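Chain residues, written in single-letter form:
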Amino acid sequence: SLDLFAGRVEQIAQVLSAVRQTGQHVVLFGERGVGKTSLASLTHEFWSQAMRGSLTLFPVRYSCLPGENFGSVWTRIAELITDEHEKRSVALPSGEAWNELWEGIKDGDANPHSIRRFLSLLGKKFIIVIDEFDQITDQETVRDFASTIKNLSDYLVDTTLILVGVADTVDDLIEDYASVERALIQVRMPRMSTDELMIIIIPAGVKLSTT
């Protein structure tokens, strides 16, 4: 919740900076239980509220399941995107090329090239939070995500992917990280500092007695 979130100013600034820059994406990582999912939720909620009713910006969020592959993840994300279009009464593209592309993604046959075309043809700005990315253990799927990031960045598609997962380093999440380093902003979530914890515990304006 935006109202209850405290601290993490530096990490929030890094994520928002990436969203503002076409071609930039985010990998949000750290140990379990430090607030990665909360920050991802905050990002999604922030843009959902800020752009409520917008016909040009669509934030969506998906949590990966164990054993998923590239095709299954993008099938679910594409469904979320089309659901958002329906909610806002925004028409999807039409035509034979679009229908063939959409049917392939819906059937789980997505690849980095088709995802780039899909997002380009929709012609909107998307903020796509992909949580629990560490649940994906298939290395081909991880490489396909790296290729997708490179494709989206190279073609300046107005989409920001935010990958969230438990990891000590970015390389633990994205095997082919070096190939997409320029397109990725690394956001490491450390444990909360004492000052950040105090913000949660002590209401604003309350002074502690030193006696």
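Above this text is the structure in question.
Residues numbered from 1 in each chain as written. Predicted model: local features only at pLDDT ≥ 70, side-chain atom pairs only at ≥ 80, totals over all residues. Heavy atoms only, no water.

A. Representation of the pattern of salt bridges. Summed over the entire model, instances satisfying the criterion amount to 6 salt bridges. Here Arg-88 makes a salt bridge to Glu-84, at a shortest N to O gap of 3.2 Å. Glu-84 gets classed as buried once you look at its relative accessible area, which sits at 16%. Salt-bridge contacts for Asp-158 lead to Lys-125; the nearest nitrogen and oxygen are separated by 3.0 Å. With a gap of 33 residues between them, Asp-158 in the loop between helix H6 (139-154) and strand S4 (159-166) and Lys-125 in strand S3 (residues 125-131) connect regions that are remote in the sequence. On the basis of relative accessibility, which here comes to 29%, the residue Asp-158 falls in the partly exposed class. Shared partners join several salt bridges into a network, and the residues in it are Glu-84, Lys-87 and Arg-88. (Salt bridge = Lys/Arg side-chain N within 4 Å of Asp/Glu carboxyl O. Buried < 20%, exposed > 50% of the residue type's maximum accessible area, 1.4 Å probe, protein only. Helix = DSSP H or I, 4+ residues; strand = E, 2+ residues; numbered from the N terminus.)

B. Here's a closer look at the sheet that holds strand S1 (residues 25-30). Reading across from one edge, S2-S3-S4-S1-S5 is the order of the 5 strands in this open sheet, with parallel pairing throughout. On the outer flanks of this sheet lie strand S2 (57-63) and strand S5 (184-188), each paired with one strand and no other. Strand-to-strand twist in this sheet, taken as the mean axis angle between neighbours without regard to direction, amounts to 15 degrees. Here 7 bridges tie S2 to S3, and the two strands are oriented parallel to one another. Counterpart to Val-60 in the pairing with S3 is Ile-128. Here H6 sits on the sheet and contacts S1, S3, S4 and S5; the angle it forms with S4, its principal contact strand, is near 155 degrees. (Pairing = 2+ DSSP bridges. Axes fitted to C-alpha atoms, helices over the stretch in contact; angles between N-to-C directions. Contact = heavy atoms within 4.5 Å.)

C. Examining the side chain of Arg-88 more closely. Topologically, Arg-88 is positioned in the loop between helix H3 (70-87) and helix H4 (96-106). Among the polar contacts listed, one links the side chain of Arg-88 to the backbone oxygen of Leu-57, at a separation of 2.8 Å. (Polar contact = N/O pair within 3.5 Å; in protein donor to acceptor, adjacent residues only side chain to side chain.)

Shape descriptors only; they carry no functional weight alone.
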